[in-house]
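Chains, contacts and geometry: an overview
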Protein chains: 2
Amino acid sequence: MQLTRQSEYAIRTMLELAALPYGELLSSKVISQRQDIPEDFLKKTVHLLSLGGLVSTQRGTQGGVRLAKAAEQITLAHIVAAIEGPIAINPCLAPGYFCPNQVTCPVSPILARAQAALLAELNKQTLADLVKQA
Amino acid sequence: MQLTRQSEYAIRTMLELAALPYGELLSSKVISQRQDIPEDFLKKTVHLLSLGGLVSTQRGTQGGVRLAKAAEQITLAHIVAAIEGPIAINPCLAPGYFCPNQVTCPVSPILARAQAALLAELNKQTLADLVKQA
DNA sequence: GTTAAAGTTGATATTTTTTATCCACATTAA
DNA sequence: TTAATGTGGATAAAAAATATCAACTTTAAC
Ligand code: FES
Ligand code: FES
């Protein structure tokens, strides 16, 4: 019932990027040093963020990572989903999975509501809001 | 970000018990057969529920497990907490842990709110409500 | 009293997931 | 041309979750 450490790495990375002037690049190496995250592991994390469309990357000398869209359009839920996949507090609630018991299962509606509430909160504030507060 | 299978076992067990006339015993063995849960693993799960004050147990022949309080006073949140400990979607939010960054950390308030929303939903309906629906 | 049914407890094994490391490669700006 | 950087895949190490085993205690039933 916890976020993985990798999600936390991703959040911290996104906060670093969002604090920069929009469009500016920061290398994984620098991020890993500033945030004390294992460099090679962070690289993969950044790659996941990239696949999720949250950051774009630039190879080569002076390359790095930058936000792929405005910080106003990014929320914690987006970041977590990019790393861990769609948030599902129970396998039965994962998209694409149809549980055979679902019709009679009295638990699943409650979990569904709980999950929706969780998600709603994670979407309430944008990355931009977070940076302002810090 | 998921409930463990053990929590699911616990929920299914509690539903079995709540379906019984109040105070009636059911042995771990029978529950494990009905719900297709490894018996020895279920025994430990039941023990956790017992430590959490949700069920009481009776040793010896004809012994078993029964609800320790009315199904109206038990929610999913209680069950999960008995198995996994206090629900914390992030280590920083675990009771007793004081994160040194908490003062400046912009993420923690959001996670705290998300966690509260999750918990509220998990507490909204009682075990008794669930049994009625099934 | 004996016995068999049950919960208790702790050790250990297995499996799965998460985290970390390593390295060969592709791209690109300087 | 070269050094900095992301890409991608393999592998290892660590941690957590799940499962199994076995010796023990309690207790109702006979
Ligand atoms: S068991 Fe799958 S929905 Fe409840
Ligand atoms: S890092 Fe602990 S509260 Fe944010």
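Shown above is the structure to which this text applies.
Model, not experiment: these values are computed from the prediction.

Taken together, 26 residues lie near DNA strand D, and Lys44, His47 and Arg59 of chain A together with Arg5 and Arg59 of chain B sit nearest. Of everything in DNA strand D that lies within 4 Å of the protein, sugar and phosphate atoms constitute 65%. Separating a phosphate oxygen of DNA strand D from a backbone N or O atom of glutamine 6 of chain B is a distance of 3.5 Å. Here tyrosine 9 of chain B contributes a side-chain N or O atom positioned 2.9 Å from a phosphate oxygen of DNA strand D. Elements with a minimum of two residues in the surface near DNA strand D: helix 3 (39-51), strand 1 (55-58) and strand 2 (64-67) of chain A together with helix 1 (5-18) and helix 3 (39-51) of chain B.

Our focus in this paragraph is the relation of the copies chain A and chain B. For the match of chain A to chain B, the screw axis carries a shift of 0.0 Å, the RMSD comes to 0.1 Å, and the turn is 180°. Such a combination of turn and shift is consistent with a two-fold rotation axis. Distance from the rotation axis, computed per C-alpha, reaches its smallest value in chain A at methionine 1 of chain A: 2.2 Å. When the interface residues of chain A are mapped onto chain B, 100% of them again lie at the interface, so the same face is used by both copies.

A word on the protein's contact with DNA strand C. Around DNA strand C lies a shell of 25 residues, among which Arg5 and Arg59 of chain A together with Lys44, His47 and Arg59 of chain B are the nearest. When the atoms of DNA strand C within 4 Å of the protein are grouped by moiety, sugar and phosphate amount to 62% of the total. Between DNA strand C and arginine 5 of chain A there is a distance of 2.7 Å, counted from a phosphate oxygen to a backbone nitrogen or oxygen. In this structure, glutamine 58 of chain A approaches DNA strand C through a side-chain N or O atom, which is 3.4 Å from a phosphate oxygen. Those elements that provide at least two residues to the surface near DNA strand C are helix 1 (5-18) and helix 3 of chain A together with helix 3, strand 1 (55-58) and strand 2 (64-67) of chain B. Partitioned by chemical class, the residues of the surface near DNA strand C number four nonpolar, 14 polar and seven charged.

Conventions we followed
- Residues numbered from 1 in each chain as written.
- Chains lettered and ligands numbered in written order.
- Predicted model: local features only at pLDDT ≥ 70, side-chain atom pairs only at ≥ 80, totals over all residues.
- Heavy atoms only, no water.
- Near = heavy atom within 4 Å.
- Polar contact = N/O pair within 3.5 Å; in protein donor to acceptor, adjacent residues only side chain to side chain.
- Helix = DSSP H or I, 4+ residues; strand = E, 2+ residues; numbered from the N terminus.
- Least-squares fit on C-alpha atoms with pLDDT ≥ 70 in both.
- Contact = heavy atoms within 4.5 Å.
- Nonpolar A, V, L, I, M, F, W, Y, C, P; charged D, E, K, R; others polar.

Any functional reading would require information beyond the geometric quantities listed.
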